[in-house]
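Each chain, written out:
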Amino acid sequence: MLDLHRLRLLRELKHRGTLAAVAEALSYSPSSISQQLSVLEKEAGVPLLEPVGRRVRLTAQAEILVAHTEAVLERLEQAEADLAASLHGITGVLRVAAFQTAALALVPDALSALRDAHPRLRIEVTQREPESALPALLARDFDLVITEEYPGEPSPRPPGVDYAELGTDEIRLALPSRSPDAALRDLAGSPWVMEPAGTASRRWATRLCREAGFEPDVRFESTDLLLHLRLVERGHAAALLPGLVWQDGPPAVPVTGLPEEHRTRRLFTASRRGGGSHPAVRAFREALTDAFSHRPWQGTS
């Protein structure tokens, strides 16, 4: 009989990539992880790991076992959700990852609502960009992730993850005060602030500028959209900023709308398949939806 604990270690290795990363995540030593996987190889009767330089990778047989392990864990997660649903009141720990603007504009109100409605539920929130939060969801570091999609930039959707749409968020061109009436095409020679290369936001913004006929002069890079806003306010750069940045009221800088096909990003919550029906996950999703619908400023361009 294959041991589920050891199968989970094999699954962790697939998601985290190295024995050291598995050991750090689970508070084991790398040698202990290696020993447990050696025992699993004996139980399975086939090689599960093969060396690649200084690292190891899963064999085809190991991938088969991981696929079955995912199915078992999904059923166990569903069992936990069903058990929790049978009880009175929501308790336990819910681990949430949220990108910056959602963490600022939505999460505090959701936490306030849940503190009053479910005082025995402990919610732990980590600010994390979707590019790293979704793999961490699959690795079971989080139970729920708030993620996003930019126009024309659909994010890969890993198997085993269920998505629920939260809503849409309009993106506007934020202009430095010296260019209050500029359109996108007028900013060809202007400095820009954007998120780092490789992010969905940066790909979308670069494509948008190219379609307007120019390559953006990106002088400032940051995932911190409040820094983007500050640079615009001080006249140092133009930026493309989503509506959640303005959670405290109307923009304090000149803004202009974008073409219809480019103007909104979509927001989602993501959970592991089998865990989405857990009462804590459902309650947090409902609280987020309510917070999203009652944003203090929802002006249009």
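Source: prediction; values computed, not measured.

Caption draft 1: The arrangement of the overall build of the protein in detail. Secondary structure assignment for the protein yields ten helices and eleven strands. Seen through its C-alpha atoms, the protein measures out along the principal axes to roughly 70 × 50 × 30 Å. Buried positions account for 45% of the 301 residues belonging to the protein. A separation of at least 24 residues holds for 75% of the contacts in the protein among residues at least 6 apart in sequence.

Caption draft 2: Highlighting the pattern of salt bridges. Considering all chains together, one arrives at 29 salt bridges under this definition. Arg266 serves as the salt-bridge partner of Glu165, at 2.8 Å between the closest nitrogen and oxygen. Placement of the pair is Glu165 in strand E6 (residues 161-174) and Arg266 in strand E11 (residues 264-272), with a sequence separation of 101 residues. Classification of Arg266 by relative accessible area gives partly exposed; the value is 33%. For Glu233, the salt bridge is made with Arg230, and the minimal N-O distance between the two is 3.4 Å. Of the two residues, Glu233 and Arg230 both sit in helix H9 (residues 225-233), three residues apart, roughly one turn of that helix.

Caption draft 3: Quick peek at the domain arrangement of the protein. On domain assignment, one finds that the protein holds domain 1 (4-83) and domain 2 (91-300). One C-alpha centre belongs to domain 1, the other to domain 2, and the line joining them spans 33 Å. At the junction of the two partners, domain 1 supplies eleven residues and domain 2 supplies eleven residues. Regarding the contact of domain 1 and domain 2, the summed buried area is about 1,000 Å², with carbon and sulfur atoms giving 41% of it.

Caption draft 4: Highlighting the environment of Arg128. Among the secondary structure elements, Arg128 is positioned in the loop between strand E4 (121-127) and helix H7 (130-138). Along the primary structure Arg128 and Gln61 are separated by 67 residues, whereas in three dimensions their C-alpha atoms are 33 Å apart. Setting aside chain neighbours within four positions, we find Arg128 in contact with Ala97, Ala98, Phe99, Ala133, Ala136 and Phe142.

Caption draft 5: Summary view of the UniProt feature "domain: HTH lysR-type" (unreviewed entry) in the protein. Per the UniProt record, "domain: HTH lysR-type" (unreviewed entry) is annotated on residues 2-59. Within residues 2-59, the helical portion is 62% and the strand portion 14%, while the C-alpha atoms at the span's ends are 17 Å from each other.

Caption draft 6: Molecular detail of the pairing of strand E8 (residues 217-221). Taken together, the four bridges between strand E7 (residues 191-194) and E8 define a ladder with parallel strand orientation. Looking across to E8, one finds that Met194 is bridged to Glu221. Handedness of the crossover joining E7 and E8 through helix H8 (residues 200-211): right-handed.

Caption draft 7: Focus on helix H4 (residues 60-85). Over its 26 residues, H4 extends 38 Å from the first C-alpha to the last, a length consistent with the 38 Å expected when each residue adds 1.5 Å. Those residues of H4 hidden inside the fold are in contact with helix H1 (4-16), helix H3 (30-44), strand E2 (55-58), E11 and helix H10 (279-293).

Caption draft 8: Structural context of the environment of Ala252. Within the secondary structure, Ala252 sits in the loop between strand E9 (239-242) and strand E10 (255-256). With 177 residues separating them in the primary sequence, Ala252 and Arg75 have C-alpha atoms 50 Å apart.

Cut-offs applied
- Residues numbered from 1 in each chain as written.
- Predicted model: local features only at pLDDT ≥ 70, side-chain atom pairs only at ≥ 80, totals over all residues.
- Heavy atoms only, no water.
- Helix = DSSP H or I, 4+ residues; strand = E, 2+ residues; numbered from the N terminus.
- Buried < 20%, exposed > 50% of the residue type's maximum accessible area, 1.4 Å probe, protein only.
- Contact = heavy atoms within 4.5 Å.
- Salt bridge = Lys/Arg side-chain N within 4 Å of Asp/Glu carboxyl O.
- Domains from an automatic or database assignment.
- Buried area = accessible area lost by both parts, 1.4 Å probe.
- UniProt positions renumbered as here; feature names shortened; annotations may be inferred.
- Pairing = 2+ DSSP bridges.
- Right-handed = clockwise from strand over helix to strand, strands pointing away.
- Expected span 1.5 Å × (residues − 1).

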